[in-house]
Amino acid sequence: MKNLEKNFAQYFQSVTALEPKLKTEAKKLTESFFDGLPKLAEILDLDVQAAFQGDPAAFSREEVIITYPGFYAIAAYRVAHALHVLGVQEIPRIITEHAHSKTGIDIHPGAQIGHHFCIDHGTGVVIGETARIGMGLVAALRQVHARGVLHRDIKPGNVLVEARAEAEGTNG
């Protein structure tokens, strides 16, 4: 028992010694994240615009924001991606997995997705970590392989990722 107490005391001292460095790093990450929020809001606004303009059934931008599961998943991804880029561990995956559980849309925080992006009726959509999707993806995607797997690099220009589509990157 004495050895356990000694080990715990040493561990506690090492953690306590790291505390100022961790606080400084956490403050830098937090400031960087908050500094990026205006740009994040601009991109989300373009995503709302993509859904509203690309879906004739959308009555308003507010409807897109409040009721569209595709937008919910994209908004969660955008926040998670911002944290992922800063090097934050675990939290980005928690955010996107929560959105996945609510929407059926699985977007890895490491994926690279351009602005003006929309997912319509997205249950089953998977966008993997190495996927790179260009900006301006609005209309309907019809070039899906028989298995429902998209090419790793989806180029800009009038594309809407539909249900059961997967954009999982490859190392090739």
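Let me sum up the structure you'll find in this document. In this text, all values refer to a predicted model and were calculated from it rather than measured experimentally. (Residues numbered from 1 in each chain as written. Predicted model: local features only at pLDDT ≥ 70, side-chain atom pairs only at ≥ 80, totals over all residues. Heavy atoms only, no water.)

**Some words on the overall build of the protein**
What counts, and what does not: A run of DSSP states H or I qualifies as a helix once it reaches four residues; a run of E qualifies as a strand once it reaches two. Both are numbered from the N-terminal end. Using a 1.4 Å probe on the protein chains alone, a residue whose accessible area is under 20% of its type maximum counts as buried, one over 50% counts as exposed, and one in between counts as partly exposed. Only heavy atoms enter the contact rule, under which two residues are in contact if any of them lie within 4.5 Å.
Scanning the protein from N- to C-terminus turns up five helices and six strands. Starting at the N terminus and walking to the C terminus, you meet the elements of the protein as α-α-α-α-α-β-β-β-β-β-β. The 172 residues of the protein split such that 35% are buried. A separation of at least 24 residues holds for 43% of the contacts in the protein among residues at least 6 apart in sequence.

**Some words on the pattern of salt bridges**
Once the charged atoms of two side chains with opposite charge are near each other, the side chains can pair. Counted only if it meets this: For this analysis, a salt bridge means a side-chain nitrogen from Lys or Arg found within 4 Å of a carboxyl oxygen belonging to Asp or Glu.
Within the structure shown, the criterion is met by three salt bridges. When the shortest N-O distance is used, the salt bridge between D45 and R61 registers 2.0 Å. With D45 in helix α2 (residues 37–54) and R61 in helix α3 (residues 61–67), this residue pair connects regions lying 16 residues apart in the sequence. A relative accessible area of 29% means that R61 is categorised as partly exposed. A salt bridge links R93 to E97, with the shortest nitrogen-to-oxygen separation between them at 3.4 Å. Within this pair, R93 and its partner E97 are both found in helix α5 (residues 91–103), separated by four residues, close to a single helical turn.

**Examining the packing of aromatic side chains**
Here is the rule we go by: Here a pair means two rings of Phe, Tyr or Trp (six-membered ring of Trp) with centres within 6.5 Å. Their orientation is stacked below 30 degrees between planes, edge-to-face above 60, and tilted elsewhere.
Overall, the coordinates contain one aromatic pair when judged by the stated rule. For the ring pair F33 and F34, a centre distance of 5.7 Å and an interplane angle of 75° mean the geometry is edge-to-face.

**Quick look at the nonpolar core**
Stated formally: Residues enter a nonpolar core if they are buried and are Ala, Val, Leu, Ile, Met, Phe, Trp, Tyr or Cys, with the set joined through side-chain atoms within 4.5 Å.
Counting 13 residues, the largest nonpolar core has I105, I107, I113, F117, I119 and I127 as the members making the most contacts within it. Ignoring anything within four residues of it in the chain, the contact list for I107 reads A73, I74, Y77, T96, I113, I119 and I127. Residues A50, A51, A58 and V64 belong to the second largest nonpolar core, which totals 11 residues.

**Examining the side chain of D47**
Along the polypeptide, D47 turns up in helix α2. The exposure class assigned to D47 is buried, which follows from its relative accessible area of 1%. Setting aside its immediate chain neighbours within four residues, D47 contacts F71, I74, R78, G114, H115, H116 and F117.

**Overview of the environment of G114**
Inspection of the secondary structure puts G114 in the loop between β2 (112–113) and β3 (126–127). A relative accessible area of 16% means that G114 is categorised as buried. A sequence separation of 20 residues divides G114 from G134, and the C-alpha atoms of the two residues are 4.8 Å apart.

**Concerning the packing of helix α4 (residues 69–85) against α5**
Note the threshold: Axis definition: a line fitted to C-alpha atoms, over the contacting stretch in the case of helices. Angles run 0 to 180 degrees between N-to-C directions. If an angle is under 35 degrees, it is roughly parallel; if it is over 145, roughly antiparallel; if it lies from 65 to 115, roughly perpendicular; otherwise it is oblique. Residue classes follow a fixed rule: Ala, Val, Leu, Ile, Met, Phe, Trp, Tyr, Cys and Pro count as nonpolar, while Asp, Glu, Lys and Arg count as charged, and any other residue, Gly among them, counts as polar.
The geometry of α4 relative to α5 is characterised by a closest axis approach of 8 Å and an angle of 175° between their N-to-C directions. By the criterion of interaxial angle, the relationship of α4 to α5 is roughly antiparallel. Contact residues: α4 offers P69, Y72, A73, A76, Y77, V79, A80, L83 and H84, while α5 offers I91, P92, I95, T96, H98, A99, K102 and T103. Taken together, the residues that form the contact of α4 with α5 break down as 12 nonpolar, four polar and one charged.

**What to know about unusual backbone geometry**
Even without being glycine, E90 reaches a positive phi, approximately 60°. For E90, the position within the fold is in the loop between α4 and α5. Since its relative accessible area comes to 58%, E90 is described here as exposed. Even without being a glycine, H116 presents a positive backbone phi close to 60°. Considering the arrangement of structural elements, one finds H116 in the loop between β2 and β3. Overall, H116 belongs to the buried group, its relative accessible area being 15%.

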